[in-house]
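# Residue-level structural notes
One letter stands for each residue in the lines below.
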Amino acid sequence: MSSFIPPREDFDILSRTVYGNPLVYLDNAASAQKPRIVLDAMRTLATTGYANVHRGVHFLSAVSTEAYEKARETVARFLHAGHADEIVFTKGSTEAINLVSYSYLAPRIQAGDEIVLTVMEHHSNIVPWHFLRERFGAVLKWVDVADDGSLDADAVDAVIGPKTKLVAVGHMSNVLGTLAPLKDIVARAHAKGVPVLADGSQSAVHEIVDVGDLDVDFFAITGHKLYGPTGIGALYAKRFFLKQMRPFQGGGEMIGEVTMDRITYADPPARFEAGTPPILEAHGLAAALDWLMAQDRAGAKAYEASLYAYARERVRELPWLRVIGDAPDKGAILSFESENMHAHDIATVLDREGVAVRAGHHCAQPLMERFKVSSTTRASFALYNVQEDADRLINALKKAKEMLG
Amino acid sequence: MSSFIPPREDFDILSRTVYGNPLVYLDNAASAQKPRIVLDAMRTLATTGYANVHRGVHFLSAVSTEAYEKARETVARFLHAGHADEIVFTKGSTEAINLVSYSYLAPRIQAGDEIVLTVMEHHSNIVPWHFLRERFGAVLKWVDVADDGSLDADAVDAVIGPKTKLVAVGHMSNVLGTLAPLKDIVARAHAKGVPVLADGSQSAVHEIVDVGDLDVDFFAITGHKLYGPTGIGALYAKRFFLKQMRPFQGGGEMIGEVTMDRITYADPPARFEAGTPPILEAHGLAAALDWLMAQDRAGAKAYEASLYAYARERVRELPWLRVIGDAPDKGAILSFESENMHAHDIATVLDREGVAVRAGHHCAQPLMERFKVSSTTRASFALYNVQEDADRLINALKKAKEMLG
Amino acid sequence: MDESLRELYQEVILDHSRHPRRFGPMADATHSHEGFNPLCGDKVKIYLHVGGDGKIEKISFEGKGCAISQASASLMSDMVSGRTVAEAEKLMDGFIHLVKGETVDDLSEDDRETLSVMAGVSEFPMRVKCATLAWHTMKSALDAEEKK
Amino acid sequence: MDESLRELYQEVILDHSRHPRRFGPMADATHSHEGFNPLCGDKVKIYLHVGGDGKIEKISFEGKGCAISQASASLMSDMVSGRTVAEAEKLMDGFIHLVKGETVDDLSEDDRETLSVMAGVSEFPMRVKCATLAWHTMKSALDAEEKK
Ligand SMILES: Cc1ncc(COP(=O)(O)O)c(C=O)c1O
Ligand SMILES: Cc1ncc(COP(=O)(O)O)c(C=O)c1O
């Protein structure tokens, strides 16, 4: 494989068994496991330095506030954002995308205005735009992918027109593993004066993301796929956009001054963080990102790619499976279907073998329609997976065929 | 005091020191500390049973899904809701109230329609309604409190008119400690056909809340004030209302079917839970509520009341402090101000004595205006506080007077 | 290999799913309803022809989904055909108890035995919804008159 | 009692906060700005009269807030009066370094000594914003011409 050594011992859960078999966790695209250091960090803050943030002058509040704001800097560093105040903490990437929809686009959209998206989007990067269609008459313009699942910047460019108000594109597909040519797409869109939102839910954990280099205007990430806690995510947005955006949720922390008949709002990013934020989770996310940044990331990427290549090759032993998504340079996500066996049945058999995969539409129904399948089985790799995991997957698939096929 | 024994040993943080002094944590209304059992529960799920919920058929996903849905039942039990599907998980009570604003009221409000609220609301129960004023021309009708901070159901009734679309009232003020006569208010509002939202952020931890008995239509709670984790809260809403409400955020989990030009939505509560939910946090909240429900709650309430009464009495030794909020049967929240000493300066001195209190406007600026103060110092008690905490508070206040006064 | 898997995917289940009985639309249906599990995408549409005496004279279904959901729809269609609505609903209650691993009284020995081919589902909590989809859909179809 | 507290609330600070210098509005201000810390509610409004030569001929302020924010506004007003805008901004940079506990070069010995009465703030990170509010507000007032 490669010289990268998977940091398995950082993850207690990886040594557990499932129905008597050692766990093979290949559901990483749905959610990644969390290294011990993340859980420790959250616990330590909770047991030694916890209080509500921002409004307190006492010691514990200072400790928690510092941890929270330091987490913002860590996210900025992770994404190579120029300024920490370009990071808005959210519940996850779903909320990050909804924030752009409600606070940036909704007040600017008129009937007939267009939003460009691709057929490989996750529902979280579809439904918020459907809302604008339903509520304001926006028009969704869909960009197709090629049969191998690859996405062409030209194809995106072709549908960007004078009425396009936003290009919303997944950086990496959670089903196909396709990596979008984001930098190219951004350049084309900007040439026509159109901002770009990228859904980085899948890419951020595998790629080294540099929002400055990509020049992307909005970038959404979600903590639980980044080896971090649930309940936390972030939106990166350029200051230029944040400044013009109206608030999304209303509550504590996001106001300037409130009277009975008048209200002013705080500057970004506070303007978009109403209420008590996920304090412990932000701290946990920072620990996860620090942990991830301390890995040999180029090595991890190559390692994941070699794991994927190995699994992809071995699937050829199973001619009754059709792989969906074979774009070049794609992420370590292997989706397949079988004419005779339903994905849920396959996944159930695999589960009894200790192999955890996801089965279903993966919140990407338009993509299922595009490939004329109702569901797929998906094995997705993380940096803690090993070659044996792929072998166990193949063996379990053979058993599924035996039993169901 | 009383026979209730404060469960201090469940909270590691309570044995720490601050600047060499044992911690006296009296900032519970901002956020409560978390018992060990909550942190353990989250860690155990993360290290033995974690995966994304709902869409997975594999073992870990089943474990996490069961934990998540069981947490919903626990919240329902805690609030005495009739059905678990009347509980929507949110990031906190701020999001819960915004959900009602966006999904219930926004599509129903017209210019000139009225929303009734009280001057003692937290910004989280003000700003979402200001949005409806700014965006749709709604009119906010404010109910005053008496000089002792008490709220009269008659006063609420008096402003409910034919154009009132919602009464939004805090169940317990986070500054005054005033307990609203909620059952009475609900009865009056319902008599005029107006639904009631109660902000239970402060009350749920002190009172035994029975949403059925109160007959309240919407009730918001927040985990971190309930000895639970950050990043989680819940909205209770009657099925009747949930069914009519449109989605708030769009994304995974909340849809029925998505195509390129059409979309249907899931039934409640899923319809309102877009994206990966705070899985570990919901589980942690359930652990906190189970822990709380296992306490002698009537005893704890009496105990907190006796702590408050003691502190209230001792504050009389300090005639240079003016207490704000002296309603009968109020919660254990003691707010005060001093003409010559600013709340932040007082809090800073107290902090060096190890006494953590909050100072400022407490996200209740209209209330500050009502009492003609710019800020107050607030000591708020939890069931783990002890009489010595009150003594330490008084002594520290005397030192503040010495130093500042 | 795992015994409970063998039990779940026993031959009769696989046979039902591969060769579903009473599959297809029905032109003269008195009741029909489409059921859907948004989490996994399983779909089933149930057609019923109920006579004036409350008897289910005909039933058919169309659907797409996993072996469990399709076999369950096929098995159900076979079983309720010719029974009264009340009997069908009793059968449904029994079936739901069965796949949840709860005790089932109230059913005839014969019905219990026929249904028992799906008892293996009770070991697979994540699959219970697959097994019950057709039954809930039939119930919705039958309730539709009053509800809509 | 705590030494750093004594340092923070030393007599000259309390004196400034109780008897603020140059307090009140200014009718002929060339620049003014209202600063606000939404987290704690501190407010300060700065009025400046800047001459054609870039000299701050007059300064006054109004405000409401903690001892630190008011003392800082008072001290600042005293110090920048009669200086050029450029000098005032240099003083501000020095002050901000000082209250953050960073090294301060670039200031005269006299200025450093005068400012040092607020050095105690550096031990209280949650109070730094109180101390800098007036200075940031003065800066915004001076920048306003270009910006607005
Ligand atoms: C009365 C009241 N309402 C609402 C809130 C908002 O809760 P959260 O910040 O957890 O959303 C709070 C606490 O901050 C509160 O005290
Ligand atoms: C591509 C993609 N976008 C968005 C999301 C939504 O992320 P979350 O559910 O954490 O908000 C996911 C994962 O669920 C995803 O894979």
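Residues numbered from 1 in each chain as written. Chains lettered and ligands numbered in written order. Predicted model: local features only at pLDDT ≥ 70, side-chain atom pairs only at ≥ 80, totals over all residues. Heavy atoms only, no water.

On a plain count of helices and strands, chain A comes out with 14 helices and 17 strands. Scaling as 2.2 N^0.38, a compact globule of 405 residues should have a C-alpha radius of gyration of about 22 Å, and chain A matches this with 22 Å. The principal-axis extents of the C-alpha atoms in chain A amount to approximately 70 × 55 × 35 Å. Taken across its 405 residues, chain A has 70% of its residues classed as buried. Here the analysis covers contacts within chain A between residues at least 6 apart in sequence; of these, 73% occur between residues at least 24 apart. Of the accessible surface of chain A, which amounts to about 11900 Å², a share of 50% is contributed by carbon and sulfur atoms. Taking the average location of the 42 positive side-chain charges in chain A and that of its 51 negative ones, the two points are 3 Å from each other. (Helix = DSSP H or I, 4+ residues; strand = E, 2+ residues; numbered from the N terminus. Rg over C-alpha atoms; globule rule 2.2 N^0.38 Å. Buried < 20%, exposed > 50% of the residue type's maximum accessible area, 1.4 Å probe, protein only. Contact = heavy atoms within 4.5 Å. Areas by Shrake-Rupley, 256 points an atom, 1.4 Å probe, with all protein chains shown as cover. Lys, Arg positive; Asp, Glu negative; His and termini not counted. Charge placed at Lys NZ, Arg CZ, Asp CG, Glu CD.)

What follows concerns the site of ligand 1. Around ligand 1 lies a shell of 14 residues, among which A:T276, B:T94, B:D199, B:T222 and B:K225 are the nearest. More than one chain reaches ligand 1: the nearby residues come from chains A and B. Contact distances for ligand 1 include 3.0 Å between an oxygen atom and a side-chain N or O atom of B:S93. For ligand 1, a nitrogen atom lies 3.1 Å from a polar atom in the side chain of B:S201. Relative to its free-state accessible area of 390 Å², ligand 1 is covered by the protein chains to the extent of 97%. More than half of the atoms of ligand 1 fall within 2 Å of the grid points belonging to the largest cavity. Considered class by class, the residues forming the shell around ligand 1 number no nonpolar, 12 polar and 2 charged. (Near = heavy atom within 4 Å. Polar contact = N/O pair within 3.5 Å; in protein donor to acceptor, adjacent residues only side chain to side chain. 1 Å grid on protein atoms, 1.4 Å probe; cavity = no way out; pocket = protein on both sides within 12 Å on 5 of 7 lines; lining within 4 Å. Sits in = over half its atoms within 2 Å of the grid points. Nonpolar A, V, L, I, M, F, W, Y, C, P; charged D, E, K, R; others polar.)

Time to look at the interface of chain A and chain B. Put simply, an interface is often sized by how much accessible area is lost when its parts join up. Each partner contributes to the interface: chain A provides 96 residues, whereas chain B provides 96 residues. Summed over the three residues of chain A that lose the most area to chain B, namely A:R43, A:K91 and A:M260, the buried surface amounts to 10% of that side. On the surface where chain A and chain B come into contact, there are 4 salt bridges. Residue A:E95 pairs with B:K91 through a salt bridge whose shortest N-O separation is 2.9 Å. Where chain A meets chain B, there are 46 residue pairs in polar contact (both at pLDDT 80 or more). The element contributing the most residues to the side of chain A that touches chain B is helix α1 (residues 36-48) of chain A, with 8 residues. Considering only residue class, the side of chain A that touches chain B consists of 44 nonpolar, 30 polar and 22 charged. (Buried area = accessible area lost by both parts, 1.4 Å probe. Salt bridge = Lys/Arg side-chain N within 4 Å of Asp/Glu carboxyl O.)

Take the domain arrangement of chain A next. All names here are of chain A. Taken as a whole, chain A is organised into domain 1 (8-31 + 296-404) and domain 2 (38-293). Using only C-alpha atoms to locate each centre, domain 1 and domain 2 end up separated by 28 Å. Regarding the contact of domain 1 and domain 2, the summed buried area is about 2800 Å², with carbon and sulfur atoms giving 55% of it. Between domain 1 and domain 2 we count 3 salt bridges in total. R370 is the salt-bridge partner of D147, the closest N and O atoms lying 2.7 Å from each other. For the pair domain 1 and domain 2, the interface holds 24 residue pairs in polar contact (both at pLDDT 80 or more). When contributions to the side of domain 1 that touches domain 2 are tallied by element, the ones reaching two or more residues are α11 (297-315), β14 (333-337), α13 (365-370) and β17 (376-380). Partitioning the side of domain 1 that touches domain 2 into residue classes produces 17 nonpolar, 8 polar and 9 charged. (Domains from an automatic or database assignment.)

We now examine the side chain of D:D111. All names here are of chain D. Structurally, D111 can be placed in helix α5 (residues 109-115). Within polar-contact distance, the side chain of D111 engages the side chain of R83 at 2.7 Å. Other than its neighbours up to four places away in sequence, D111 contacts M79, R83 and L91.

Quick look at the sheet that holds strand β14 (residues 333-337) of chain B now. Within a sheet, each strand pairs with its neighbour through backbone hydrogen bonds, oriented either parallel or antiparallel. All names here are of chain B. Here 4 strands make up an open sheet; going across it, the order is β13-β14-β17-β16 and the pairing antiparallel. Either end of the sheet is taken by a strand with one partner, and the two such strands are β13 (322-324) and β16 (358-360). Strand-to-strand twist in this sheet, taken as the mean axis angle between neighbours without regard to direction, amounts to 30°. Pairing geometry for β16 and strand β17 (residues 376-380), over 3 bridges, is antiparallel. Within β17, the position partnered with G360 by the bridge is T376. In the packing of helix α12 (residues 343-352) onto the sheet, contacts are made with β16 and β17, and the angle to β16 comes to roughly 160°. (Pairing = 2+ DSSP bridges. Axes fitted to C-alpha atoms, helices over the stretch in contact; angles between N-to-C directions.)

Relating one copy of the chain to the other takes a rotation about an axis and a shift parallel to that axis. If you rotate chain A by 180° and push it 0.0 Å along the axis, it lands on chain B with an RMSD of 0.0 Å. The superposition operator between the copies reduces to a two-fold rotation axis. Identified as the residue of chain A closest to the rotation axis by C-alpha distance is A:G231, at 2.8 Å. Residue by residue, 100% of the interface of chain A is reproduced at the interface of chain B, so both copies engage with the same surface. (Least-squares fit on C-alpha atoms with pLDDT ≥ 70 in both.)

Time to look at the interface of chain A and chain D. The interface of chain A with chain D comprises 11 residues on the first partner and 6 residues on the second. A combined buried area of about 660 Å² lies between chain A and chain D, and 71% of that area is made up of carbon and sulfur atoms. Connecting chain A to chain D are 1 salt bridge. Between D:K43 and A:E257 there is a salt bridge, with its nearest N and O atoms 3.0 Å apart. Across the contact surface, chain A and chain D share 1 residue pair in polar contact (both at pLDDT 80 or more). For the side of chain A that touches chain D, a count of residues per class yields 3 nonpolar, 5 polar and 3 charged.

Attention shifts here to the nonpolar core. Counting residues in hydrophobic clusters, the biggest one holds 396 residues, and the most contacted among them are A:W129, A:Y227 and B:W129. Ignoring any residue separated from it by four or fewer positions in sequence, one finds A:W129 in contact with A:I97, A:V100, A:S101, A:L105, A:I115, A:L117, A:L140, A:L166, A:A168 and A:L197. (Core = buried A, V, L, I, M, F, W, Y, C linked by side-chain atoms within 4.5 Å.)

Before going further, it helps to examine unusual backbone geometry. Here the amide bond leading from A:P268 into A:P269 is cis, since omega sits at 0°, within 30 degrees of zero. Structurally, the position occupied by A:P269 is in the loop between β12 (263-265) and α10 (279-294). One non-glycine residue with positive phi stands out, namely B:H80, at about 60°. Looking at the element boundaries, B:H80 is found in the loop between α2 (59-79) and β4 (87-90). The phi dihedral of B:D329 falls on the positive side, at around 55°, and the residue is not glycine.

What follows deals with the packing of helix α2 (residues 59-79) of chain A against α10(A). Helix-helix packing: each pair is described by the crossing angle between the helix axes and the interaxial distance. Residue and element names in this part refer to chain A. The geometry of α2 relative to α10 is characterised by a closest axis approach of 8 Å and an angle of 40° between their N-to-C directions. On the basis of their axis angle, the class for α2 and α10 is oblique. α2 and α10 meet at a crossing whose hand is left-handed. Contact residues: α2 offers S64, A67, Y68, A71, T74, V75, R77 and F78, while α10 offers I279, A282, H283, L285, A286, L289, D290, L292 and M293. When its residues are assigned to classes, the contact of α2 with α10 shows 12 nonpolar, 3 polar and 2 charged. (Parallel < 35°, antiparallel > 145°, perpendicular 65-115°, else oblique. Left-handed = near helix turned anticlockwise from the far one by under 90°.)

As a matter of local geometry, ligand 2 sits amid 14 residues, with A:T94, A:D199, A:T222, A:H224 and A:K225 nearest to it. Looking at what sits near ligand 2, you find residues from chains A and B. Contact between ligand 2 and A:H224: an oxygen atom at 2.6 Å from a side-chain N or O atom of the residue. Starting from 390 Å² of accessible surface for ligand 2 in isolation, the protein chains cover 97%. Of all the cavities here, the one that holds ligand 2 is the second largest cavity. By residue class, the composition of the shell around ligand 2 is no nonpolar, 12 polar and 2 charged.

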